[in-house]
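Chain by chain, the residues:
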Amino acid sequence: MVEWEPMRAIVMSYSGGSESYDGATNTAIQIGANAATVAEVWYLVNSQSAANLLTQGLQNAGLSASMINQKVKFLLQPLDSIWFIDSGPLPLVRTTDNTMAFADFRYYWNRPYDDGIPTWLGRMLPQLGYDAPADTYRMPLNTEGGTFMTTSDGICFTGTRQLYNQSCENGGQCNTKLDDWPFATGGAKTQQQYVEALEAIQNSPEAQEIKEVWAEYAGCKDVIITNSIITNSSS
C-alpha cells in the first residue's frame, strides 16, 4: 500500500542488527509513534530485546503505555535482513466485497526467513484481530518489492534493474553493470535515442514476462518500465 491509501495497520521489520544503521532505530520509532495515532503498528522483530528497545523509544517519543498496548503489536519472527519492503506481502483488496488477500513476491533464495514472511503473516491475521487468515498467492517471479509501485487504477511501474535481474536469472550473460544490458538506455546519446531505448525496453522479453505475471497476480492493467536511477546491478 502507498502512503495516500487508507489502511488498517502499518507493518515493518526491525532486527537487532538495525541498530548498526545510522538513524534506523529512530526512524522506526518515529514512524510508529506517528502512525499509531491513526492506525495499528506491527513490528516484526527477531528478539525480545529489539521489542524492548522500540517500546522504550515509543514511550520517549510520547506514546503512553496504554496507547502502545492498544495500538502497537510486536511479532517475534526470525529475520534475514532489514529490507521488509522487498520481502513483505503485497496487499490485494477486492473492493466489490471488501475482502483482502496477499500477493507474495518470490524473494532471494538465500533469505528464506524473509521470503516466508507473507505466508506466515497471512496465517497470523486471526491473532491480530481479523476474522480469518489471508489467502497468499505466490508470484512465480523474483521481484524486490521495493521496485513495485502502482496507481489506484491498476497502472504498475518498475525499473530497468528489475528486468536486468530477470535476464540474469533466465540465463543471460550478465556483467557487473546494468548499462551493459542490451536494452539499457546508457548508450543513448540523443533524446531520440533515449526515447527509442525506452520503447525497446517496454517490449523486451523480460518486460513481457513481468506484464503477464503481474497482471495475473497483482491485477496490473499495464506495466511501465522506467530507467533505474541506480544502474550498478551488484549494489
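No experiment lies behind these values; they were computed from the predicted model shown.

### Thoughts on the environment of Asn60
The topology assignment puts Asn60 in helix H2 (residues 48–60). Since its relative accessible area comes to 61%, Asn60 is described here as exposed.

### So, the sheet that holds strand E4 (residues 90–94)
In spatial order, the strands read E4-E5-E6; together these three strands make up an open sheet with mixed pairing. Two strands close off the open sheet at either side, each with one partner strand: E4 and strand E6 (136–142). Averaged over all adjacent pairs, the angle separating strand axes in this sheet is 30 degrees, with direction ignored. Taken together, the five bridges between E4 and strand E5 (residues 99–106) define a ladder with antiparallel strand orientation.

### Topic: the environment of Leu58
Here Leu58 is to be found in helix H2. Spatially, the C-alpha atom of Leu58 lies 9.9 Å from that of Ala36, the residues being 22 residues apart in sequence. With near-sequence residues (within four places) excluded, Leu58 lies in contact with Ile29, Gly32, Ala33, Tyr43, Leu63, Ile68, Val72 and Phe74.

### Quick word on the sheet that holds strand E1 (residues 9–14)
Here we have three strands laid out as an open sheet, ordered E1-E2-E3, and parallel in their pairing. Every other strand in the sheet has two partners, leaving E1 and strand E3 (72–76) as the edge strands with one partner each. Each neighbouring strand pair of the sheet contributes to a mean axis angle of 20 degrees, computed without reference to strand direction. Judged from the five bridges that link them, strand E2 (residues 40–45) and E3 form a sheet pairing that is parallel. Its bridge partner lying in E3, Leu44 is registered against Leu75. Here helix H1 (residues 24–35) sits on the sheet in contact with E1 and E2, set at roughly 165 degrees to E1. Taken strand by strand, helix H6 (residues 117–124) contacts E1, E2 and E3, and its axis lies near 125 degrees from that of E3.

Rules behind the numbers
- Residues numbered from 1 in each chain as written.
- Predicted model: local features only at pLDDT ≥ 70, side-chain atom pairs only at ≥ 80, totals over all residues.
- Heavy atoms only, no water.
- Helix = DSSP H or I, 4+ residues; strand = E, 2+ residues; numbered from the N terminus.
- Buried < 20%, exposed > 50% of the residue type's maximum accessible area, 1.4 Å probe, protein only.
- Pairing = 2+ DSSP bridges.
- Axes fitted to C-alpha atoms, helices over the stretch in contact; angles between N-to-C directions.
- Contact = heavy atoms within 4.5 Å.

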